[in-house]
Amino acid sequence: MDKARPFCIEKREVWEAFKRIKAHQGAAGVDGQSIAEFEEDLSNNLYRIWSRMSSGSYFPPAVLRVEIPKDNGAGVRPLGIPTVSDRIAQMVVKRYLEPKLEELFHNDSYGYRPSRSAHEALYVARSRCWKYDWVLDLDIKGFFDNIDWTLMMKAVRHHTDCKWVLLYIERWLQAPVSMPDGTLVSREKGTPQGSVVSPVLANLFLHYAFDTWMSRKHPDIPFERYADDVICHCRSETQARLLREALEVRLATCKLELHPQKTKIVYCKDANRRGSYPAHEFDFLGYTFRPRRSKNRSGRLFTSFAPAVSNKAAKAMRQRMRGWRIQRRTDLDLDDIAQQIQPVVRGWVQYYAKFYPSALRCALRTLDHFLVRWAQRKYKRLRGHTKRTWGWLKSIRARQPDLFAHWVPVSTVER
């Protein structure tokens, strides 16, 4: 082995990591370097990462702290953005570690895993809500910010003795945070949301803190977990209450805690379930599960406990649409507007139209209101004629139903 480079890391791994990072794009870190700028001297930049990782001399720069609005509009969520070079280095470690851990992870863990999706978790959750009367909706308080490093590294060492993987994971955990005002803040626990390797580490931590514990202590209680978003299905309110108490103790041993207000016990009320209980709805992965009017196979209406786009998600969509200020873009044609916003609207439809799409249609009708206001500003013949403008928009929708993603008939949207 080369004495100057004690770690055997293939150059091709760095190249493959770069391709993955480029595909996901992402913002610049503390150094301000974009992916396009990194590519201007690609060979030398990749060689520098490989050389430093192979020699053990790679030290991650500070993680840029940014704040993004929460979905419900209440406050902000901290996000950490590593530099492009650091994301590539993290991807090298992720590509090494992830295949080893995939064989280990629980079947009901869905978040940030290859060939797993949020929709799978939602389908399973809906099915189980029909079978089980009660749900324990868990909220782990500040999970990513409170992961204990000692316990984290203990879990990693249990599955690999690769020295360079262990070395760099420890360095990433300990990397300082560059705050919006430029000050550097050191950390003693946690892993930044937004880093490449954090999702794998978070899944591994909760695999032992929650998944295996549930399988061992409560094998009769199924659950769905997407990262730190967890719901458990219980036969009775008593079972749900006892599980909550047990989980408070369990998570405390892992130096985590349940959020006292956001963790709640929910009754999955439907046409066959009687009684009145304080909580009969919960949010999971952007959907609200609650009693809803549905049709059975014979066309009869009944009450089902089902998911639909949450009020929080719908509010966030409306805020995003208002930010576009479509009604003021009279310099654009309708096709230009559609081209600009179509990727976002299509993403909303693809994600939120999987269940109860009529709720999404109500949320996205706001976009049509903005289009009507745009048309009245742009065309003199429509000014002051709201009813006529809606008719104009309806005629365009009939001729070009695929111009905007939310105009596509519901029957053609994958259920």
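Bear in mind that the values here come from a model prediction, so they are computed numbers and not experimental data.

1. As for empty space enclosed by the protein
Thought 1: Going through the model one piece at a time under the given rule, you end up with two cavities of 30 Å³ or more.
Thought 2: Of the pockets and cavities examined, the second largest cavity occupies roughly 60 Å³.
Thought 3: Around the second largest cavity, the lining residues are Val63, Asp86, Gln90, Trp172, Thr191, Pro192, Ser195, Val197 and Ser198.
Thought 4: Class assignment of the residues belonging to the lining of the second largest cavity gives a composition of four nonpolar, four polar and one charged.

2. Section: a negative patch on the surface
Thought 1: There is a patch of like negative charges on the surface, built from Asp31, Glu37, Glu40 and Asp41.
Thought 2: Residue position: Glu37 is located in helix H2 (residues 35-39).

3. Side note on the sheet that holds strand E10 (residues 287-295)
Thought 1: If you walk across this open sheet you meet the three strands as E9-E10-E11, and the pairing is antiparallel. Edge positions in the open sheet fall to strand E9 (282-284) and strand E11 (301-309), since each of these has one partner strand only. Going from strand to strand, the sheet's axes swing by 50 degrees on average, the running direction of each strand aside.
Thought 2: Where E10 lies against E11, nine bridges are found, and the strand directions are antiparallel. By the bridge assignment for E11, Lys295 is matched with Leu301.

4. What to know about the nonpolar core
Thought 1: Within the largest apolar cluster, 68 residues are counted, with the highest numbers of intra-cluster contacts made by Met53, Ile88, Trp164 and Cys232.
Thought 2: A per-element tally of this core places helix H9 (residues 198-217) first, with ten residues.
Thought 3: Apart from residues no more than four positions distant in its own chain, Ile88 is found in contact with Val14, Ala17, Phe18, Ile21, Phe38, Leu46 and Ile49.
Thought 4: By size, the runner-up hydrophobic cluster in this structure holds 49 residues, among which are Leu122, Tyr226, Phe289 and Leu334.

5. Digging into helix H12 (residues 334-352)
Thought 1: Maximum bend of H12: about 55 degrees, positioned at Gln342, with proline Pro343 one to four residues after it.
Thought 2: For H12, the complete set of buried residues consists of Leu334, Ile337, Ala338, Ile341, Gln342, Val345, Trp348, Val349 and Tyr352.

6. Examining the side chain of His207
Thought 1: In this structure, His207 sits in helix H9.
Thought 2: His207 sits in the buried class, given a relative accessible area of 5%.
Thought 3: If sequence neighbours within four positions are ignored, His207 has contacts with Leu104, Phe105, His106, Thr212 and Arg225.

7. Thoughts on the environment of Val177
Thought 1: Along the polypeptide, Val177 turns up in strand E4 (residues 177-178).
Thought 2: Discounting chain neighbours no more than four positions away, the residues touching Val177 are Val63, Arg65, Thr183, Leu184, Val185 and Arg187.

8. As for unusual backbone geometry
Thought 1: With phi around 55 degrees, Gln25 is a residue other than glycine that occupies positive phi space.
Thought 2: Among the structural elements, Gln25 can be located in the loop between helix H1 (11-24) and H2.
Thought 3: Although it is not a glycine, Ala227 adopts a positive phi angle of roughly 55 degrees.
Thought 4: Assignment of secondary structure puts Ala227 in the loop between strand E6 (223-226) and strand E7 (229-234).

Reading guide: rules and limits
- Residues numbered from 1 in each chain as written.
- Predicted model: local features only at pLDDT ≥ 70, side-chain atom pairs only at ≥ 80, totals over all residues.
- Heavy atoms only, no water.
- 1 Å grid on protein atoms, 1.4 Å probe; cavity = no way out; pocket = protein on both sides within 12 Å on 5 of 7 lines; lining within 4 Å.
- Points joined across faces, edges and corners; volume = space filled by probe spheres on them.
- Nonpolar A, V, L, I, M, F, W, Y, C, P; charged D, E, K, R; others polar.
- Patch = residues over 30% accessible without salt bridge, like charges linked within 9 Å, V, L, I, M, F, W, Y side chains within 5 Å.
- Areas by Shrake-Rupley, 256 points an atom, 1.4 Å probe, with all protein chains shown as cover.
- Salt bridge = Lys/Arg side-chain N within 4 Å of Asp/Glu carboxyl O.
- Lys, Arg positive; Asp, Glu negative; His and termini not counted.
- Charge placed at Lys NZ, Arg CZ, Asp CG, Glu CD.
- Helix = DSSP H or I, 4+ residues; strand = E, 2+ residues; numbered from the N terminus.
- Pairing = 2+ DSSP bridges.
- Axes fitted to C-alpha atoms, helices over the stretch in contact; angles between N-to-C directions.
- Core = buried A, V, L, I, M, F, W, Y, C linked by side-chain atoms within 4.5 Å.
- Buried < 20%, exposed > 50% of the residue type's maximum accessible area, 1.4 Å probe, protein only.
- Contact = heavy atoms within 4.5 Å.
- Bend = angle between axes of the 7 residues up to and from the residue.

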